[in-house]
Amino acid sequence: MNFQNPEPEITSLKLNGKEISILRLDLLPTAYNGNKWFKLKYNLEEAVRTGEKRILTFGGAYSNHIYALAAATKEAELTSIGIIRGERIEPLNSTLRFAEECGMELHFINRSEYRRKKDQDFIENLKYKFGDFYLIPEGGSNELGIKGASEILSAVSGYDIICTPVGTGGTLAGLIYGKESLAEVLGFMVVRDKTIQRFVESNSTDESWKLIGDFDFGGYARYNQSLIDFINEFKSDFSIQLDPIYTGKMMFGINQLITDQYFDSKAKILVVHTGGQQGIKGFNERFDHILN
Ligand SMILES: *Cc1c(COP(=O)(O)O)cnc(C)c1O
């Protein structure tokens, strides 16, 4: 398996009258693209190094992390177990179908059990049930995940502001670690979770970053028609696919902040397109094909 960092393309365009540059992690040439490529690389390397042949992780039924991990473990010739929140519903949605096709063993647990995903006795129980495994937490946001994410910016320089969506905050922490010292990172929250601020604080190397909570559309995977319209319009204007869970909310927020003249007129803005396009199919299966 090749863990060498790919060199992502940058697309520059004028959004709402302001020039922005987009770091296209969505175009990385593997099924496990986007930020998840970076978050998984050191974890997989560690599993290979320690001789652990099996990876266990957690995720929701439409999770980009589950999708990426299934593809990456297949390529690395490791086996994988995905502990999925909720019931198994047949036919499986496209994310879980793909994961199974990659060889991932899926186990479904209810929401209250799922909340115990970080508890030591719960993990021990899983080991008792499945045998030994290398554990990667939900979203891949452990120390090695953050280390990988710190390399997202390794090929770029000269930007004043870096924008990213925030789920668990691992990618944000990595970007803070990897940025040039004067740059500021803006994290657009896609979920209401008060623990993220502290998580990033405890993993960050300086204070030039900010969480923006105004564009979560009510919480994780919530949306409204104006978000859907924005994503569809953005695609027809720039031929770039945004997803409704992460990158769409971030870009909607950036667009609004430009309207509000939030950014200094000379600020050079880099937007990290963290991928996530695999989720569109499942979203459309669920919500009547509202995305183009
Ligand atoms: C997982 C994911 C994120 C969030 O990353 P965190 O490190 O959990 O904050 C952002 N964008 C996309 C497309 C993702 O799949």
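Residues numbered from 1 in each chain as written. Predicted model: local features only at pLDDT ≥ 70, side-chain atom pairs only at ≥ 80, totals over all residues. Heavy atoms only, no water.

1. Points about the packing of helix α9 (residues 225–238) against helix α10 (residues 247–259)
Put simply, the test is: Here the axes come from fitting lines to C-alpha atoms, over the contacting stretch only for helices, and the angles between their N-to-C directions go from 0 to 180 degrees. Helix and strand definitions follow DSSP, with helices as H or I runs of at least four residues and strands as E runs of at least two, each counted in order from the N terminus. These descriptions rest on fixed angle ranges, namely under 35 degrees for roughly parallel, over 145 for roughly antiparallel, 65 to 115 for roughly perpendicular, and the rest for oblique. In this analysis, two residues are considered to be in contact whenever any of their non-hydrogen atoms come within 4.5 Å of each other. Three classes are used, and their members are as follows: Ala, Val, Leu, Ile, Met, Phe, Trp, Tyr, Cys and Pro are nonpolar, Asp, Glu, Lys and Arg are charged, and the others, Gly among them, are polar.
With their axes 10 Å apart at the nearest point, α9 and α10 run at an angle of 90 degrees to one another. When the axes of α9 and α10 are compared, the pair comes out roughly perpendicular. Only Gly248, Lys249, Met251, Phe252 and Asn255 of α10 make contact with α9, whose side of the interface consists of Ser226, Leu227, Phe230, Ile231 and Phe234. Classifying every residue of the contact of α9 with α10 by side-chain character gives six nonpolar, three polar and one charged.

2. What about the site of the ligand?
Let me state the cut-off plainly: Residue proximity to a molecule or strand is established when one non-hydrogen atom of the residue lies within 4 Å of it. Under the rule applied, a polar contact is a pair of N or O atoms within 3.5 Å (in protein, one hydrogen donor and one hydrogen acceptor; residues adjacent in sequence only if both atoms are side-chain atoms). For the accessible areas, the method is Shrake-Rupley and the probe is 1.4 Å, while residue cover comes only from the protein chains on display.
By nearness alone, 16 residues border the ligand, and Lys36, Lys39, Thr168, Thr171 and Thr274 come closest of all. Thr171 places a polar side-chain atom, nitrogen or oxygen, 2.7 Å from an oxygen atom of the ligand. The side chain of Thr274 places a nitrogen or oxygen atom 2.7 Å from a nitrogen atom of the ligand. Coverage of the ligand by the protein amounts to 98% of the 390 Å² it exposes when considered alone. Listed by contribution, the elements that provide at least two residues to the shell around the ligand are α1 (35–49), β7 (161–166) and α7 (170–178). Broken down by element, the shell around the ligand gets its largest block of residues, three residues, from α1. Looking at the shell around the ligand residue by residue, the class counts come to three nonpolar, 11 polar and two charged.

3. Some points on the nonpolar core
What counts here: Residues enter a nonpolar core if they are buried and are Ala, Val, Leu, Ile, Met, Phe, Trp, Tyr or Cys, with the set joined through side-chain atoms within 4.5 Å. Exposure classes here rest on a 1.4 Å probe applied to the protein chains alone. A residue is buried below 20% of its type maximum, exposed above 50%, and partly exposed in between. Each domain's limits were defined by an automated method or a database of domain assignments.
In terms of nonpolar packing, the biggest core is built from 51 residues, with Ile55, Ile152, Leu153, Ile162 and Leu172 touching the most fellow members. When residues of this core are assigned to their parent elements, the largest contribution, six residues, is made by helix α2 (residues 64–75). Two domains share this core, each providing at least three of its residues, namely domain 1 (9–30 + 142–286) and domain 2 (37–140). Setting aside chain neighbours within four positions, we find Ile152 in contact with Leu23, Leu25, Asn35, Phe38, Thr171, Leu175 and Val272. Formed by 31 residues, the second largest nonpolar core is a distinct cluster that contains Phe230, Ile240, Phe252 and Ile280.

4. A closer look at unusual backbone geometry
Residue Pro91 follows Glu90 across a cis peptide bond; omega there is -5 degrees. Inspection of the secondary structure puts Pro91 in the loop between β4 (79–85) and α3 (94–101). The backbone of Ala221 shows a phi angle near 65 degrees, a positive value even though the residue is not glycine. Within the secondary structure, Ala221 is located in the loop between β9 (209–212) and α9. Even without being a glycine, His289 presents a positive backbone phi close to 55 degrees. We classify His289 as exposed; its relative accessible area is 57%.

Spatial relationships are all this shows, so hold off on functional conclusions.
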